[in-house]
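Results of the structural survey
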Amino acid sequence: MAGKDATEALPQPFDAKQLEPAKKRKHSQSPVRNSSKRRQGESGLPSIDELPQPFDAKKLESAKKHQRSRSPSDAPRRLKRPGRGARFSQAESSSIRQRHEQRERDAADQAATQAVLEQRGINDVVRQHYNAVPERGRDWRKTDSRIKGLRSFNNWVKSTLIQKFSPDEDHTPGAHERGRDMAGARDHELLVLDIGCGKGGDLGKWQQAPQKVQLYVGLDPADVSIDQAKERYRSMTHRGSGGRGGRGGGHRGGRHQHLFDARFFVKDCYGESIGDIDVVRQVGFDPSPMGRSGFDIVSMMFCMHYAFESEAKARTMLQNVSSSLKKGGRFIGCIPNSDVIGERVIKFNEWLAKEKERESIEKKDPPPPKEEREEGEEAEEEEGEVEKTAEWGNDLYRVRFPGKTPEDGIFRPPFGWKYSFFLDEAVEEVPEYVVPWPAFRAIAEDYNLELQYHQKFDEIWEAEKDDSVLGPLSERMGVRERGRGSLLVTPEEMEVASFYLAFCFYKV
Ligand SMILES: C[S@@+](CC[C@H](N)C(=O)[O-])C[C@H]1O[C@@H](n2cnc3c(N)ncnc32)[C@H](O)[C@@H]1O
């Protein structure tokens, strides 16, 4: 059920026929690849039997055998110990046996689950984490959250990306309201693919995009999040306009009353092709650089860093992005800034080198006997025995590397640099991966994605805060007080925000 397209019955269905001209063009250009993967179905995570490579069916089979070997028929033998059975009535014995069997079945189930989880690894850790993050509602996020300033700021940055880069180059502001542009042609409506859409937190932002959205497709491996996204979309359809009532015009292009069609699917977009999702294929999924059909926008907000676990995943992710985009389409997103991480790592390694130097001097010149030492000295010596690794943060966030980090802050090879990231209220110690920016940019070029925009979050604020549209938007979104008042983001929150950068690539 989690992956089932439950929005099918909703109004204004996306009509693939509307894309007919694009599809016709596409026919001459190898429209569908990966047809062998279609078997898996588009509606959700693969079933256990369908799992791809990393899953080891043998391990599950042995777990199942383990379960079978402890079948109910084996259990009674153990209860026939002389003397003991005699103390229980037949009913009691049967109840004990049933409890015993149940415990064994539970243990076997647990073993089987564990075997599957080990095989599926990081995907599941991330998926389970996001599934477990509670949806506390908009009021809580706006008033009670300890990081409400950060939430507002991050949302404003995402809106800024959408406002700046989602419209076509030849889009005429306000054309969607008139239905035609200056030349009298019907205004093109956007097709948006949101990879790692989570709980659908950006649906409202897309509703306020300067150019009208026709279709929004949201993909995420976290089934609970996808259900919540569907629910959020459903509640937008009930509100009618899809806006939040109080949202005034004033964004580039004015206010929309029409709500786009939306589809949601449970999908791992880094481990497998998304070309088996019908609607993705209908819009256009073409790995060739000549592909003219496809989405106008692929958005990946705060989620791409999970793909940098391995080169294979990063390339699958980029292949999915590039194949989904039409020529001239935009790929927008937010990721942790590898420059920030690199600088912190350099500082840490410098500190560590000094510590080691100090320790080696102390070894040559041994410290005074224990009884002559101060309390702190002893504790320091004990701590020194544990291998120290790079770690930093403040009251709200913490980044921790489990192992060695490069002394020069340059992550080579550019994949698999795992760290854990803790953010108050939002993410608890989730494993993430460094996205070394120069490497990412270079690999993106292999997929015909050309860099257009790359800016740190704090710089985005400086550059856009006085913009005639984005400035007032920041006030409505609670980033700053009304009337160009003071910033409502605390310095600690700004430090967390400065961990990120935003980007836009064009498919060429
Ligand atoms: C920090 S959340 C961001 C959610 C949303 N984009 C937003 O900005 O609110 C990261 C999201 O990445 C998703 N994610 C992790 N691995 C993924 C994968 N292999 N494919 C697609 N999405 C993934 C997670 O499930 C999670 O919803």
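The following refers to the structure shown.

Definitions and cut-offs
- Residues numbered from 1 in each chain as written.
- Predicted model: local features only at pLDDT ≥ 70, side-chain atom pairs only at ≥ 80, totals over all residues.
- Heavy atoms only, no water.
- Core = buried A, V, L, I, M, F, W, Y, C linked by side-chain atoms within 4.5 Å.
- Buried < 20%, exposed > 50% of the residue type's maximum accessible area, 1.4 Å probe, protein only.
- Helix = DSSP H or I, 4+ residues; strand = E, 2+ residues; numbered from the N terminus.
- Arc of directions from axis to C-beta.
- Contact = heavy atoms within 4.5 Å.
- Pairing = 2+ DSSP bridges.
- Axes fitted to C-alpha atoms, helices over the stretch in contact; angles between N-to-C directions.
- Salt bridge = Lys/Arg side-chain N within 4 Å of Asp/Glu carboxyl O.

**Description of the nonpolar core**
Residues Phe153, Trp156, Trp206, Phe401 and Phe457 are the most contacted members of the largest nonpolar core, which totals 63 residues. Among the nonpolar cores identified, the runner-up in size contains 44 residues, and Val435, Tyr447, Leu449 and Phe503 belong to it.

**Observations concerning helix H15 (residues 437-446)**
Among all positions of H15, only Trp437, Ala439, Phe440, Ile443 and Ala444 are buried. The buried residues of H15 occupy an angular sector of 155° when the element is viewed end-on, so they sit on one face. Looking at the buried side of H15, the elements it contacts are helix H12 (311-324), strand E5 (325-336), helix H13 (338-364), strand E10 (449-456) and strand E11 (500-507). Immediately downstream of H15, the backbone of asparagine 448 shows phi near 60°, a positive value.

**Details of the sheet that holds strand E3 (residues 261-266)**
Taking strand neighbours across the sheet as the criterion, the seven strands line up as E3-E2-E1-E4-E5-E11-E10 in an open arrangement whose pairing is mixed. At either margin of the open sheet sits one strand with a lone partner, and together these are E3 and E10. Averaged over all pairs of adjacent strands, the angle between their axes in this sheet comes to 15°, without regard to strand direction. Inspection of the sheet shows strand E1 (residues 190-195) paired to strand E4 (residues 295-301) by three bridges, in the parallel sense. Counted as the bridge partner of leucine 193 is valine 298 from E4. Where helix H7 (residues 148-165) meets the sheet, it contacts E4, E5, E10 and E11, and its direction lies at approximately 160° from that of E5.

**Remarks on the pattern of salt bridges**
One pass over the structure, following the stated rule, counts 27 salt bridges. Note that lysine 326 and aspartate 296 form a salt bridge whose closest N and O atoms lie 2.6 Å from each other. Of this pair, lysine 326 sits in strand E5 while aspartate 296 sits in strand E4, and the two are 30 residues apart along the sequence. Relative accessible area serves as the criterion here: at 17%, lysine 326 is assigned to the buried category. Because the salt bridges share partners, they merge into one network encompassing Asp168, Asp296, Lys326 and Arg330.

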